[in-house]
Amino acid sequence: MSMALSLAHSTLFSKTSFFLCRNGVRTFSCSIHFASSSLHYSTSALPTDKPRREKWRQQVVAVLEVGGVKISKDDVVRDDPTNNVPDSIFSKLGMQLHRRDQHPIGILKNAIYEYFDNTYSNKFDKFDDLCPLVSVKKNFDDVLVPSDHVSRSYNDTYYVDSQTVLRCHTSAHQAELLRKGHTHFLVTGDVYRRDSIDSTHYPVFHQMEGVRVFSPNDWETSGMDGTSFTAEDLKKCLEGLACHLFGAVEMRWVDTYFPFTNPSFELEIYFQEKWLEVLGCGVIEQEILKRSGNTNNVGWAFGLGLERLAMVLFDIPDIRLFWTDDERFTSQFSKGQLGIKFKPFSKYPPCYKDMSFWINDSFTENNLCEVVRGVAGDLVEEVRLIDDFTNKKGRTSHCYRITFRSMERSLTDEEINDLQWNVREQVQNKLNVVLR
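Rules used in this analysis
Residues numbered from 1 in each chain as written. Predicted model: local features only at pLDDT ≥ 70, side-chain atom pairs only at ≥ 80, totals over all residues. Heavy atoms only, no water. Buried < 20%, exposed > 50% of the residue type's maximum accessible area, 1.4 Å probe, protein only. Helix = DSSP H or I, 4+ residues; strand = E, 2+ residues; numbered from the N terminus. Pairing = 2+ DSSP bridges. Phe/Tyr/Trp six-rings, centres within 6.5 Å; stacked < 30°, edge-to-face > 60°. Lys NZ or Arg CZ within 6 Å of the ring centre and 35° of its normal. Axes fitted to C-alpha atoms, helices over the stretch in contact; angles between N-to-C directions. Parallel < 35°, antiparallel > 145°, perpendicular 65-115°, else oblique. Left-handed = near helix turned anticlockwise from the far one by under 90°. Contact = heavy atoms within 4.5 Å. Nonpolar A, V, L, I, M, F, W, Y, C, P; charged D, E, K, R; others polar. Polar contact = N/O pair within 3.5 Å; in protein donor to acceptor, adjacent residues only side chain to side chain. Salt bridge = Lys/Arg side-chain N within 4 Å of Asp/Glu carboxyl O. Core = buried A, V, L, I, M, F, W, Y, C linked by side-chain atoms within 4.5 Å.

S.K.: What should I look at first to understand the pairing of strand β9 (residues 204-214) in this one?
M.R.: Along any regular strand, the residues point their side chains to alternate faces of the sheet. Extensive coverage of β9 is indicated by the burial of eleven of its eleven residues. Neither face of β9 is exposed, since Val204, His206, Met208, Gly210, Arg212 and Phe214 on one face and Phe205, Gln207, Glu209, Val211 and Val213 on the opposite face are all buried. Pairing geometry for strand β8 (residues 184-192) and β9, over nine bridges, is antiparallel. By the bridge assignment, valine 187 is partnered in β9 with glutamate 209. Sheet topology places β9 next to strand β13 (residues 298-305); eight bridges connect them, and they run antiparallel. Bridge assignment links phenylalanine 214 to a residue of β13, and that residue is valine 298.

Shown next as structure tokens:
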């Protein structure tokens, strides 16, 4: 899905990335609750044969303790050809920004909860602590993602093994909750996707999905068929939600396509002098309901990205800020205060470094970004292709500009040079490209 602000972390309803837990991944069960209040880490530095660079390397999580249950890094980050989860992604498990009431993500989640509680008299069940490790079946098959869809590739999704992934969307829990008899529910959680590096993309972000199911008794007296009745109710619900979050705004509905809903729509609002895509939604495909024991029923579903909306509502310019512990950021927000405008606290200067190399047939930009993130973490602000060409022999060269910038301090020349040297070394070794 595209939108005016190019915030690609939309929802389960994303045209290019459609996106709970197998009963166990080695030593832990998916029934554990990832509560940020009980989170503990033990860490050790990455090994390196260059001591002067070691101080710039990210720390690696060794053991994650959640609610008294210890999860070893080896359970999720494995030396296995089917595993592509880096240490930096494992370190985000259990942080659950959406469960922090004074964090912009948590404030927004609670504002949406408030709307549904007031509008539907607490009818919607809420789930915000479901395990992010899910089966391929739940993540893709249960929501009818085609077997050849790009979102299933190792380039787009974090695989723990060939049958287990870090969920790419909260809709991974939809079928299971329907089978358990839930007919009105909201699912909020952290989701994971391999992605590009810029101010609006991050490999971990947060989504909310909503589902409502109707029985024939609900629409038979309306004079409409089940699909029309459900679509009308869906639009009424989400127009109300948009007004709750943004105030009185102009709205429009755009017909679209998703594999798991039919008909499908996108809701856009006219906000701050531009059209803003808010969410994707639609009437749930009958096959999904049939498989979950709701053969005669009709339902709707929507999905939205919390970072996408929070960046707009709170005027937050860089998605990395959501993960900072800097009090100059965290102290600006309060429980229940939706839309407090973020006040920047000094913008430190960027440093630009270019890197050119001959690519091979297996090269992808997502793989490049994973390597850069693995070296520089949140000190990298953007990775952007600035030039490419193919010579007479058919070899293709790419030139990328890497922007380094800390949100908390000025980086030294020594730091930048060390980071860039390490990036070049890792890109050459891990991606098997030829530096120029």
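S.K.: Whenever I open this one, the packing of aromatic side chains confuses me. Can you help?
M.R.: Two measures describe an aromatic ring pair: the distance that separates the ring centres and the angle between the ring planes. Considering all chains together, one arrives at 22 aromatic pairs under this definition. Centroid distance tryptophan 358 to phenylalanine 389: 5.6 Å. Interplanar angle 75°. Geometry classified as edge-to-face. Of this pair, tryptophan 358 sits in strand β14 (residues 351-358) while phenylalanine 389 sits in strand β15 (residues 380-390), and the two are 31 residues apart along the sequence. Members of the aromatic cluster, connected to one another through ring pairs, are Tyr115, Phe116, Tyr120, Phe124, Trp300 and Phe302. Taking the ring centre of tryptophan 275 as reference, the NZ or CZ of arginine 252 above it sits at 4.0 Å. It is arginine 436 that lies over the ring of tryptophan 358; its NZ or CZ is 5.1 Å from the centre.

S.K.: In this structure, what is going on with the packing of helix α4 (residues 104-120) against helix α8 (residues 226-246)? I would like to understand it.
M.R.: Angle between the axes and distance between the axes are the two parameters that describe a pair of packed helices. At a minimum axis separation of 10 Å, α4 and α8 run at an interaxial angle of 130°. Regarding the angle of α4 to α8, the classification is oblique. Here the hand of the crossing between α4 and α8 comes out right-handed. Residues Leu108, Ala111, Ile112, Glu114, Tyr115, Phe116 and Tyr120 of α4 form the contact with α8, whose participating residues are Lys236, Cys237, Gly240, Leu241, His244 and Leu245. Classifying every residue of the contact of α4 with α8 by side-chain character gives nine nonpolar, two polar and two charged.

S.K.: Help me understand the side chain of serine 406 in this model?
M.R.: Mapped onto the fold, serine 406 is located in the loop between β16 (396-404) and α13 (413-431). Within the local environment of serine 406, its side chain forms a polar contact with the backbone nitrogen of arginine 409, the two atoms lying 3.3 Å apart. When residues no more than four places from it in sequence are discounted, the contact partners of serine 406 are Tyr348, Leu379 and Leu411.

S.K.: Can you walk me through the pattern of salt bridges in this structure?
M.R.: Working definition: two side chains of opposite charge can pair if their charged atoms are close together. Overall, the coordinates contain 23 salt bridges when judged by the stated rule. Each of Asp318, Arg320, Glu381 and Arg405 takes part in a single network of salt bridges with overlapping partners.

S.K.: I tried to follow the pairing of β16 on my own but got confused; where do I start?
M.R.: β16 sits mainly inside the fold: eight of its nine residues count as buried. In this sheet, β16 lies alongside β14 in antiparallel orientation, the contact comprising eight bridges. Bridging across to β16, tryptophan 358 finds its partner in serine 397. Bridge count for β15 against β16 is nine bridges, and the pairing is antiparallel.

S.K.: Help me understand the nonpolar core, please; the structure alone is not making it clear to me.
M.R.: For soluble globular proteins, nonpolar side chains are generally found buried alongside one another. By size, the foremost hydrophobic cluster in this structure holds 70 residues, and its most contacted members are Ile112, Phe116, Leu238, Phe246, Phe302, Leu304 and Phe322. Those residues within four positions of phenylalanine 322 in sequence are excluded, and the remaining contacts are Leu97, His103, Pro104, Ile105, Glu307, Ala310, Met311, Ile316 and Phe329. Grouped together as the second largest cluster of nonpolar side chains are 23 residues, Leu368, Val383, Phe404 and Ile416 included.

S.K.: When you look at the sheet that holds strand β6 (residues 159-161) in this model, what are you seeing that I'm missing?
M.R.: To summarise the sheet geometry, strands pair through backbone hydrogen bonds and adopt either a parallel or an antiparallel arrangement. Read across the sheet, three strands follow the order β5-β7-β6 without closing on themselves; strand pairing throughout is antiparallel. The open sheet is flanked by β5 (133-135) and β6, the only strands paired with a single partner. Direction aside, the axes of adjacent strands within the sheet are offset by 35° on average. Here β6 runs beside strand β7 (residues 164-166); their pairing, made up of two bridges, is antiparallel. Across the sheet, residue tyrosine 159 finds its bridge partner in β7, namely valine 165.

S.K.: Got a minute to help me understand the sheet that holds β8 in this structure?
M.R.: If you trace the seven strands from one edge of the open sheet to the other, you get β4-β8-β9-β13-β12-β11-β10, paired in mixed fashion. Only two strands of the sheet have a single partner each, and these edge strands are β4 (125-127) and β10 (250-258). Within this sheet the neighbouring strands show an average axis-to-axis angle of 20°, counted without direction. Pairing between β4 and β8: three bridges, direction parallel. Counterpart to lysine 126 in the pairing with β8 is leucine 186. Where helix α10 (residues 306-313) meets the sheet, its contacts fall on β8, β9, β11 (261-271), β12 (274-284) and β13, and the angle it forms with β13 comes to roughly 55°.

Function-wise, these values are silent; they only describe arrangement.
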